[in-house]
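# Structural description and commentary
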Amino acid sequence: MLKIENLHVKIGQREVLTGIDLEINAGETYILFGPNGSGKTTLLMTLMGLGNYEVTGGKIWFKGHDITEMPTYERARLGVGMSFQRPPTIHGLSTKHLVRMAAQGRDFDVESMARKVNMESFLDRDVNAGFSGGEIKRSELLQLMAQHPNLLLFDEPESGVDLENMHLIGKTVRTLLEGEIAPRPDCSMREQKEMRSSSGLIITHTGYILDYINADRGQVLYDGHLCCEARPRDILEHIRAHGYQECVRCLN
Amino acid sequence: MPKVDLSQFEFTGHASNLIEDLTTMPQAEKERLIMSGVDVTGVGRSGTFLQTDHNAVHCETHQPGVEMMDIKDALKKYDGLDGYYWTQVDPDKDEFTRAVAENVHGGYFIRVAEGVQVQDPVQSCLLIRANDTGQNVHNVVIVEEGASLHIITGCTVASHDTKGAHLGISEFFIKKNASLTFTMVHNWGENSVVRPRTGGVVEAGGVFQNNYVSMKTVKDLQSYPTIRLAGAGGIARFNSVLVAPPGAYLDTGSRIIMDAPDTRGEIISRTITTGGTIIARGDIQANYVPARGHLECKGLILGKGVIHAIPELRGTVEGVELSHEAAVGKIAQEEIEYLMARGLDEDEATSTIVRGFLNVDIMGLPARLNDAIQKTIEESEKDMF
């Protein structure tokens with residue numbers, strides 16, 4: 001699904017990512033750990049093709065296309081979807097209208113989907129105007145449900161979110177990744193699971209999201225390098241016990 | 001600002017015949033009227049007033065409790081409208097007020113009787129039809145105690161290049177617990193000179209809501225309506241959405257004077273230039289407490305043009321709460337990228353943001369007017385990016 005080869009990224013004069021290699025298969029969810037400033041957000045922004053992130057070397061492949069130089073909207077139309085951590089407010093544009101545009105002409109029942117993420121009373125409000133942390137996350141998820149991406153990029157799903165919202169967000173992220181899995185006469189739940197095609201790349205600090213999703217692999221991004229590939233839960237426990245210091249040794 | 005030479009305009013000799021049925025007007029004029037908020041069918045309106053050049057040509061209302069007539073008739077009927085006429089605007093303010101004081105051609109008088117809530121808006125239009133016309137109008141609106149009214153008023157010229165000067169005095173009286181929504185849509189042309197002079201007073205518990213839209217080129221416009229909140233609990237809000245295409249010069253502002261406790265004032269303007277000049281003024285004065293006022297002017301320069309935001313706050317007693325927020329700039333790259341990440345290309349994203357910026361939903365306008373405004377925005381988008 002996604003393949004990153006020797007990716008180098010500069011912001012201004014500073015090289016933030018110094019040779020990233022990463023492959024995420026169809027249906028796989030990859031968890032990214034790392035201390036603040038290690039380049040995690042830069043990696044997501046670069047995958048979406050945003051802002052002042054200059055790729056100085058390497059390639060990004062998505063569904064077999066080289067998207068390294070592709071404009072953001074073409075990546076989105078190809079199936080890359082990102083949840084923004086601090087999205088801008090857009091005056092005069094209703095949330096409902098944006099969700100409809102995100103569906104890109106696909107059939108999407110905005111009202112009933114909004115109910116699922118508790119956003120029905122926000123549909124007429126301007127996009128992100130005065131939204132709390134949890135409301136922003138739910139609004140982002142609603143847009144992504146409409147967008148229906150094949151690769152979901154999510155920067156810290158748990159930041160600024162209370163426990164109740166975390167539960168709703170966790171469940172929704174799982175649905176986005178795995179689809180609605182329920183007992184069906186024609187298809188076992190295991191078969192349904194195998195049919196899923198959405199992949200995820202999720203940044204987390206706390207690991208709360210791991211309670212809800214089935215994450216296959218994880219890695220630590222430290223100082224622009226990836227290291228310590230392992231099961232996400234093992235990485236999390238290791239970081240909790242020893243901090244990121246061990247990663248430095250690993251890298252050396 | 002360029003000096004206006006009133007001697008270039010004809011302030012006599014443009015009498016017009018009455019128009020019984022507005023649907024018989026030329027198609028081109030009807031379309032300009034729609035963009036000015038005036039629906040010639042009168043559907044969904046409580047009354048219609050139309051003046052062309054130097055006199056009223058149509059005036060009808062079928063709504064009980066609403067009185068509407070030519071200002072000259074009102075002056076005769078009500079003994080010079082003593083206590084109202086020329087009380088909110090000083091006739092000696094400038095050469096334009098003096099011109100109207102010396103020779104008033106018309107204008108409307110609207111009064112809503114005590115306690116009458118008028119559901120459908122009253123519409124009025126001041127049209128300049130003949131080239132070189134100078135039009136002097138004087139409007140007086142009285143909303144009696146506990147009554148409410150929405151006036152949609154359009155000002156336009158018969159054709160975009162008609163040369164004309166419009167000098168307009170408007171005086172508003174919002175009595176105790178009454179409310180007036182005044183929506184003004186300007187649809188002038190590249191040879192229009194426009195000098196509205198507006199003042200009003202809001203008594204205790206009254207609400208004045210002013211909506212102002214101007215999206216077409218106007219050669220030279222200057223206006224600065226002033227509303228005084230004279231009674232406790234009075235509220236005034238000004239909401240303006242302005243576009244200055246190349247060749248437009250708009251010097252506009254709104255002023256709220258809070259002269260009583262528990263008053264609130266809000267002035268919000270959103271302006272875009274695609275080549276013209278906009279001076280966006282705003283002034284809130286608070287002389288009693290508690291009083292809260294907020295002023296917001298946001299401007300986008302798309303291509304060429306000038307936006308000069310001048311927000312002013314004046315508090316004269318301890319405890320007033322006044323704030324303002326002003327920004328002149330370009331469309332935020334961050335907003336464009338956000339929409340692009342949802343699959344909109346750069347043009348779609350830009351246009352979506354501009355339409356949001358110019359969104360007038362909050363004004364609660366009739367559907368046909370709203371559609372006409374959206375159409376105008378679409379047309380002006382080609383100058384924007």
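Keep in mind that what you see is a predicted model, and the values were worked out from it rather than measured. (Residues numbered from 1 in each chain as written. Chains lettered and ligands numbered in written order. Predicted model: local features only at pLDDT ≥ 70, side-chain atom pairs only at ≥ 80, totals over all residues. Heavy atoms only, no water.)

### Re the sheet that holds strand β7 (residues 148-157) of chain B
Residue and element names in this part refer to chain B. The line we're drawing: Only when DSSP finds a minimum of two bridges between them are two strands counted as paired. Strands here mean DSSP runs of E at least two residues long; helices mean DSSP runs of H or I at least four residues long; both are numbered from the N terminus. A fitted line through C-alpha atoms serves as each axis, taken over the contacting stretch for helices, and the angle formed by two N-to-C directions is quoted from 0 to 180°.
Taken in spatial order, the 10 strands of this open sheet run β2-β1-β5-β7-β9-β11-β14-β17-β19-β21, and their pairing is mixed. Each end of this open sheet is capped by a strand with a single partner; those strands are β2 (55-61) and β21 (321-329). Strand-to-strand, the axes of this sheet are offset by a mean angle of 5°, without reference to chain direction.

### Some points on the sheet that holds strand β10 (residues 199-203) of chain A
Picture the strands of a sheet paired through backbone hydrogen bonds; they go either parallel or antiparallel. Residue and element names in this part refer to chain A. The following threshold applies: Contacts: residue pairs with any heavy atoms within 4.5 Å of one another.
If you walk across this open sheet you meet the six strands as β6-β9-β10-β3-β11-β12, and the pairing is mixed. Looking at which strands have only one partner, the edges of the open sheet turn out to be β6 (80-83) and β12 (225-230). With strand direction ignored, the average angle separating the axes of adjacent strands in the sheet is 20°. Inspection of the sheet shows strand β9 (residues 151-155) paired to β10 by five bridges, in the parallel sense. Among the inter-strand pairings, Leu-152 is bridged to a residue of β10, identified as Gly-200. Sheet strands in contact with helix α8 (residues 232-242) are β3 (29-33), β11 (217-222) and β12, and its direction is about 40° off that of β11.

### Some details on the packing of aromatic side chains
Residues and elements named next belong to chain B. Going by this rule: In this scheme Phe, Tyr and Trp rings, the latter by its six-membered ring, pair at centre separations within 6.5 Å, and the angle between planes marks the pair as stacked below 30 degrees, edge-to-face above 60, and tilted otherwise. Working definition: with a 1.4 Å probe on protein chains only, accessible area under 20% of the residue-type maximum means buried, over 50% means exposed, and in between means partly exposed. Sitting over a ring, as applied to charges here, requires NZ of Lys or CZ of Arg to be within 6 Å of the ring centre and within 35 degrees of the ring normal.
Across all of its chains, the model carries nine aromatic pairs over all chains by this definition. Both rings, one in Phe-49 and one in Tyr-108, keep their centres 5.7 Å apart while their planes meet at 70°; by these two values the pair is edge-to-face. Linking Phe-49 in strand β1 (residues 47-52) with Tyr-108 in strand β4 (residues 108-112), this pair joins segments that are 59 residues apart in sequence. You'll find Phe-49 and Tyr-108 in the same group, each marked buried. Ring-pair connections join several aromatic residues into one group, and the members of that group are Phe-172, Phe-182, Phe-208 and Phe-238. Lying over the aromatic face of Tyr-78, Arg-111 brings its terminal NZ or CZ to 4.8 Å of the ring centre. Taking NZ or CZ as reference, Lys-163 lies 5.4 Å from the ring centre of Phe-9, over its face.

### Observations regarding the domain arrangement of chain B
All names here are of chain B. Quick note on the threshold: Source of the domain bounds: an automatic or database domain assignment. As used here, buried area is the combined drop in accessible area, with a 1.4 Å probe, of two parts when they are placed together. The term salt bridge refers to a side-chain nitrogen of Lys or Arg lying within 4 Å of a carboxyl oxygen of Asp or Glu.
Parsing chain B into structural domains produces domain 1 (6-330) and domain 2 (331-385). On a C-alpha basis, the centroid separation for the pair domain 1 and domain 2 is 26 Å. Buried surface at the junction of domain 1 and domain 2, both sides included, amounts to about 2,100 Å², of which 76% is carbon and sulfur. Per-residue buried area on domain 1 facing domain 2 is highest for Ile-34, Met-215 and Leu-302; these three make up 22% of the total on that side. The interface formed by domain 1 and domain 2 includes one salt bridge.

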